Amino acid sequence: MEEAGHVAPTLALLFVLTCILIGIATQYFLSFVPVPYTALLFVSSRQHRSRFFRKHFSRFVLFCASCQDAILQVFGLGIGLFQAVPHNADAFTDTLKLWMGMDPHLLLLIFLPTIGFSKAIGQEPHLLRKNWGQILTLAWPGVVVSFLLIGVFAKYFLPYNWTWPQALLFGAMLAATDPVAVVAVLQSVGASEKLTNVIDGESLVNDGSSLVIFLVLQQFVQGYSLSAGEIVVSFVHLALLGAAIGLGFGLVTSFWLACIFNNPCLEIVLTFGAAYACYFVSEELAGASGLLAVVVMGFSMSVLGGRQIMNRIKTEMHTFWE
């Protein structure tokens, strides 16, 4: 029973159910559009260079993009019309209030460790051994160059009168790339596995590297004055200590997996718990980067621990994490 002024906790399931249904319906209807949405945007931005594109292909681009936008708008309109239902008309509003009242850090900590670990352990070991140099080059020097350029742009071209620490902090927030759509397109068109591995692996590491840069710059924005030595110590503490903790957890977990024989359920639960333990130890106990720790843990287990897992169990484990 629902008391006056009290929202039943079970209404939280309504939001989850709605999101699942919208996701299923969107994925189904957009499967009829042959061109990825990101490709549509790119082509439409370039179509002015050709009269043929201007006259013919631009219409197709706009039609496909409009179909995708229309589908999403229909779902949004449906959610709004749901409020007009006479019986329990405020049900969806109540479920939104339940989720909006939740501490956002809770959702972050529930999903972030497993997302970082699952993407890292899913990498092909032989490709990681070949491409680790390129991945680290793009993830660290590449991110530094990116956040510096964004910071300079924000300082001189955005009308906010930011100080240098604020502008660079803004650059650190935007420096990390999110190539989910790019990797999906590369896989669908059968692109080189090496290229896909470099882009996917770099996106994992640069999340941690940009977060480390963000945390260092955040101290300046908050009014702390750090010397050059303190900046280096803080950077090393956040980055290298987190990576070392992740490597340690990866080695220990791989050794533990080698001691378990033909028990896929236990091995999956072990990796699941190890991901959360690694994040907790790095972030809470050591004060380092938890995200970088779980990514390094996943990489190390992919390269070193894969040999300790039987092929059948390895397939089941990767299926679970995928």
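Conventions we followed
- Residues numbered from 1 in each chain as written.
- Predicted model: local features only at pLDDT ≥ 70, side-chain atom pairs only at ≥ 80, totals over all residues.
- Heavy atoms only, no water.
- Helix = DSSP H or I, 4+ residues; strand = E, 2+ residues; numbered from the N terminus.
- Axes fitted to C-alpha atoms, helices over the stretch in contact; angles between N-to-C directions.
- Parallel < 35°, antiparallel > 145°, perpendicular 65-115°, else oblique.
- Left-handed = near helix turned anticlockwise from the far one by under 90°.
- Contact = heavy atoms within 4.5 Å.
- Nonpolar A, V, L, I, M, F, W, Y, C, P; charged D, E, K, R; others polar.
- Salt bridge = Lys/Arg side-chain N within 4 Å of Asp/Glu carboxyl O.
- Buried < 20%, exposed > 50% of the residue type's maximum accessible area, 1.4 Å probe, protein only.

Points about the environment of R129
Consideration 1: For R129, the location among the structural elements is in helix α6 (residues 125-139).
Consideration 2: Taking C-alpha positions, R129 is 7.4 Å from V303, a pair spaced 174 residues apart along the chain.

Digging into the packing of helix α12 (residues 264-285) against helix α13 (residues 290-303)
Pairs of packed helices are described in terms of their axes, by the angle between the two and the distance that separates them.
Consideration 1: Where α12 contacts α13, the two axes come as close as 8 Å, and the packing angle between them is 140°. In terms of orientation, α12 and α13 fall into the oblique class. Where α12 crosses over α13, the two elements pack in a sense that is right-handed. For the pair α12 and α13, the contacting residues are T271, A274, A275, C278, Y279, S282 and E283 in the first and G290, L291, A293, V294, M297 and M301 in the second.
Consideration 2: Grouping the constituent residues of the contact of α12 with α13 by class yields nine nonpolar, three polar and one charged.

Considerations on the pattern of salt bridges
Consideration 1: Evaluation of the coordinates by the stated rule reveals one salt bridge.
Consideration 2: In this structure, the salt-bridge partner of D200 is K119, at a minimum N-O distance of 3.8 Å. You can see D200 sitting in helix α10 (residues 193-221) and its partner K119 sitting in helix α5 (residues 104-121), a full 81 residues away along the chain.
Consideration 3: Residue classification places D200 among the buried positions, given a relative accessible area of 11%.
Consideration 4: Among the residues examined, K119 registers a relative accessible area of 36% and is labelled partly exposed.

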